[in-house]
Amino acid sequence: MIPNQWYAILRSEDVKKNKPVGIRRFNKKLVLYRDTQGQVVCLDDRCAHKGVPLSNGKQHGDYIACPYHGFQYDASGRCVHMPVLGKDGVVPKHLHVPFHTVREQHGLIWCWTGEQVPEQLPEVPMFKEFVEYTGFTSRYAWHAPTHYTRYVESVCEVYHVPFVHKGSALNIWDPKGGRVDDFSCQLEGHLIRSEFVLRPDDDRTAEETLKARLPWTRGWRIGVDVLMPNLVQIRNDVFDVYLIATPIDDDNCWLCICYKEPKRDLLLPMMKPLPIPGWRRVRPWLMCRMERFIQQSKDMAALKGQEPRISSLEANRLISVDKVNAYYLRLRDQLIQEAQAQAKAQAPRSPGDIGSHTGEVKPIHIVPHKPQAA
Ligand code: FES
Ligand SMILES: [Fe+2]
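Heads up: these notes are all about the structure in this document.

Thresholds, definitions, all that
- Once a new chain begins, its residue numbering starts again from 1 and follows that chain's sequence as written.
- Chain A is the first chain written and ligand 1 is the first ligand written, with later ones labelled in order.
- Only residues with pLDDT of at least 70 are given local features in this predicted model, and only at 80 or more are side-chain atom pairs given and counted; all residues enter the totals for whole chains, interfaces and linings.
- The side-chain quantities take in all heavy atoms of the structure and omit both hydrogens and water.
- Whether two strands pair comes down to DSSP finding at least two bridges between them.
- A helix here means a DSSP run of H or I that spans at least four residues, while a strand means a run of E at least two residues long, and both kinds are numbered starting from the N terminus.
- Each axis is a line fitted through C-alpha atoms, and for a helix only the stretch in contact is used; angles between axes span 0 to 180 degrees, taken between their N-to-C directions.
- Two residues qualify as a contact provided that any one of their heavy atoms is within 4.5 Å of a heavy atom in the partner residue.
- Think of a 1 Å grid over just the protein atoms. A cavity is a set of points where a 1.4 Å probe fits yet cannot get out, a pocket is an open set with protein on both sides within 12 Å along at least five of seven lines, and lining residues have an atom within 4 Å of a point.
- Grid points are joined across faces, edges and corners, and a volume is the space filled by probe spheres set on the points.
- Note on residue classes: Ala, Val, Leu, Ile, Met, Phe, Trp, Tyr, Cys and Pro are nonpolar, Asp, Glu, Lys and Arg are charged, and everything else, Gly too, is polar.
- Among buried residues, those of type Ala, Val, Leu, Ile, Met, Phe, Trp, Tyr and Cys that are joined through side-chain atoms within 4.5 Å constitute a nonpolar core.
- Exposed residues in this analysis have more than 50% of their type's maximum accessible area, buried residues have under 20%, and partly exposed residues fall in between, with area computed by a 1.4 Å probe over protein chains only.
- Where each domain starts and ends comes from a domain assignment, either automatic or drawn from a database.
- Here, a salt bridge means any Lys or Arg side-chain nitrogen found within 4 Å of an Asp or Glu carboxyl oxygen.
- Water is not part of the atom set, so a site may look incomplete; the donors themselves are N, O and S atoms within 2.8 Å of the metal, or 3.2 Å for Na, K and Ca.

With that settled, the discussion passes to the sheet that holds strand E14 (residues 191-199). Taken in spatial order, the 7 strands of this open sheet run E12-E18-E17-E16-E15-E14-E13, and their pairing is antiparallel. On the outer flanks of this sheet lie strand E12 (137-144) and strand E13 (179-188), each paired with one strand and no other. Each adjacent strand pair in this sheet contributes to an overall mean axis angle of 15 degrees, direction not counted. The strands that helix H2 (residues 148-156) touches are strand E15 (220-227), strand E16 (231-236), strand E17 (240-249) and strand E18 (252-260); relative to E17, the one it contacts most, it runs at about 160 degrees. Helix H5 (residues 279-303) contacts E12, E17 and E18 of the sheet and is inclined by roughly 25 degrees relative to E12.

The subject of this paragraph is the layout of surface pockets. The volume enclosed by the second largest pocket comes to roughly 230 Å³. Taken together, 14 residues line the second largest pocket, and the ones lying closest to its centre are Glu-153, Ser-154, Glu-157, Leu-303 and Gln-306. Contributing elements (two or more residues each) for the lining of the second largest pocket: H2 and H5. Class assignment for the residues of the lining of the second largest pocket results in 4 nonpolar, 5 polar and 5 charged.

It is worth spelling out the nonpolar core at this point. If you look at the biggest cluster of nonpolar residues, it comprises 80 residues, and the most contacted ones within it are Leu-32, Leu-108 and Trp-110. Among the elements that take part in this core, helix H6 (residues 323-345) stands out by supplying 8 residues, more than any other. Split by domain, this core shows at least three residues from each of two domains, domain 1 (6-112) and domain 2 (132-303). In this structure Leu-108 touches Ala-8, Leu-10, Arg-11, Ser-12, Arg-103, Met-126, Arg-139, Tyr-242, Ile-244, Trp-254 and Cys-256, once residues within four positions along its chain are discounted.

The subject of this paragraph is the pattern of salt bridges. Counted according to the given criterion, the structure contains 22 salt bridges. Here Glu-195 ties to Arg-235 by a salt bridge, and the two come within 3.1 Å at their closest N and O atoms. Of the two residues, Glu-195 sits in strand E14 while Arg-235 sits in strand E16, which places them 40 residues apart along the sequence. Between Arg-199 and Asp-202 there is a salt bridge whose closest N-O contact spans 2.8 Å. On the basis of relative accessible area, Arg-199 is assigned to the buried category, the value being 0%. On the basis of relative accessible area, Asp-202 is assigned to the partly exposed category, the value being 29%. Counted as one network, the salt bridges with shared partners bring together Lys-128, Glu-129, Arg-193, Glu-195, Asp-225 and Arg-235.

With respect to the secondary-structure elements, Val-131 resides in helix H1 (residues 128-131). Along the chain, Val-131 and His-106 lie 25 residues apart, while their C-alpha atoms are 7.6 Å from each other. Once residues lying within four places of it in the same chain are set aside, the contact partners of Val-131 are His-106 and Met-126.

Glancing now at the coordination of the iron ion (ligand 2). Those donors, His-160 (NE2), His-165 (NE2), Asp-299 (OD) and Asp-299 (OD), are the protein atoms that reach the iron ion (ligand 2), and they lie 2.0 to 2.6 Å from it. Summarised as a motif, the one-chain spacing of the donors to the iron ion (ligand 2) is H-x4-H-x133-D. Pair noted here: His-165 is in the loop between helix H3 (161-164) and E13 and Asp-299 is in helix H5, with a separation of 134 residues, a long-range link. Overall, the relative accessible area of 6% leaves Asp-299 in the buried class.

Right, let's get into the pairing of strand E2 (residues 21-25). On E2, burial follows the alternation: Val-21, Ile-23 and Arg-25 on one face are buried, whereas Gly-22 and Arg-24 on the facing-out side are not. Bridge analysis of E2 against strand E3 (residues 28-34) gives 5 bridges, and the strand direction is antiparallel. By the bridge assignment for E3, Arg-25 is matched with Lys-28. Where E2 folds back onto E3 in an antiparallel hairpin, the turn is made up of 2 residues, including Phe-26, whose phi is positive at roughly 55 degrees.

A word on the sheet that holds E3. The strand order E2-E3-E4-E9 describes an open sheet built from 4 strands, whose pairing is antiparallel. Since the sheet does not close on itself, it has two edges, and those belong to E2 and strand E9 (99-100), each with one partner. Relative to E9, strand E4 (residues 40-44) runs antiparallel, the two sharing 2 bridges. The residue bridging Leu-43 from the neighbouring strand is Phe-99, located in E9.

The next thing to look at is unusual backbone geometry. The amide bond that connects Met-228 to the next residue, Pro-229, takes the cis arrangement and shows omega of 10 degrees. As for its placement among the helices and strands, Pro-229 is situated in the loop between E15 and E16. For the bond from Glu-307 to Pro-308, the omega torsion is -10 degrees, close enough to zero to count as cis. Within the secondary structure, Pro-308 is located in the loop between H5 and H6. Here Asn-4, not a glycine, exhibits a phi torsion of approximately 60 degrees, which is positive. Position of Asn-4 among the secondary structure elements: in the segment before strand E1 (6-11). A residue is classified by how much of its surface remains accessible, and Asn-4, at 8% relative accessible area, is buried.

Have a look at this one:
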C-alpha cells in the first residue's frame, strides 16, 4: 500500500443504511456504516475496551455500539456512552478507536491512506473516460488470492490473453500467436497511457489485421492505462473497463471492475442489443459477470505459485512491451519513498503538495525486445 493516496475500498452499495459492514484492507480490520445523513463513517473494527469487532454490533443513530458491553462510538471514534456507567457516566478520554478519512465518489468508497490528513485533500483518482461517460455502467467486486501488485501487473499486459484465456468460448480476443505491434507508452504525471495492436503472428501489416472480418484472423487496437495508485483501464473498439486492486493483505486483494455499455455488438448473440427495456443496463452487468466467472478464474490459475508474491522492478525481467508494468512499479517505489521521506521529516506537507507527484521518473532499463515487422 502506498501512503498518502486514495484507495477504493468498497462499492457504495455495499454499505447499507443501519447495517455496519466489516472488511479487511491494508492488513487492518475496518468497519463502515452510514450515519443518519447517509455519510459513510470508517473506524478500526476493534472496540477499544476489549477488542471485539464493532461490525458485529448495532448502529444507534450516528453511533455504533459494540456487541459485548454496548459502548458507543461516534464518527471520530470517540466513545460517547458506556451503559455500565449510566447515562450520566463520564467516559474516560482514552476510550477511542482510530477513524479513517473516507469519501464517496464514482459509486465507490475511498479511504485516505496517509497518517496525516491535509486540510486540502487531492481529488480521488478516476479515468476521465469514466468521469465524462453518461451511459450505463456496472460495477462488480470480489476477493482474489493474489497480491494487488501482481493483479495490476497482469491486467497491464494484455498479451497474456491468447495464452491464459485461450479456448474460452467467450474470449473475443483470440489472435493466434498474440503478437504485439505498434506499442507506445507515455507517462503523464500519475497516469501511464499505452496503445498497441494485439494481432495474429503472420505476414500482414497491423493495419491489415485490424480490417479482417473473421474474429480469429483479426487484430485488436487496445489501450491500457494505469492511474496511480491502483487503477487500470483497458480500452478497445468494443468496450472500456476499469479495474481496481486494493490490498487486503500480502496474499489477497479486493478487486472491483466497472464496465461501460459495449461500443458495438459483441460477437455473441446474447450480448447483442435487444429491443427489451433495460437491456442497455444488462449488457455491462453481464460483462462484469463474464470477467469474474470466466476470465478471472483463468487468470488466478495462471498466477498461482507466482514468486515473489509482491511485485517490484527487481522481481521481474521486463521486456520492452512491459513498459506499462515498469512505469507502474517505478512510480509505486517513488511514491512510497516520498511518503517515507515525508514521515521521517515529521513535517506536514503543504496542502497543495499532498499526493501530487512532481518528481521526474527515471528512465527504465529493460531487456531489448526484437522489433516486429509492422
Ligand atoms: S468489548 Fe466492546 S464494549 Fe466491551
Ligand atoms: Fe487475464
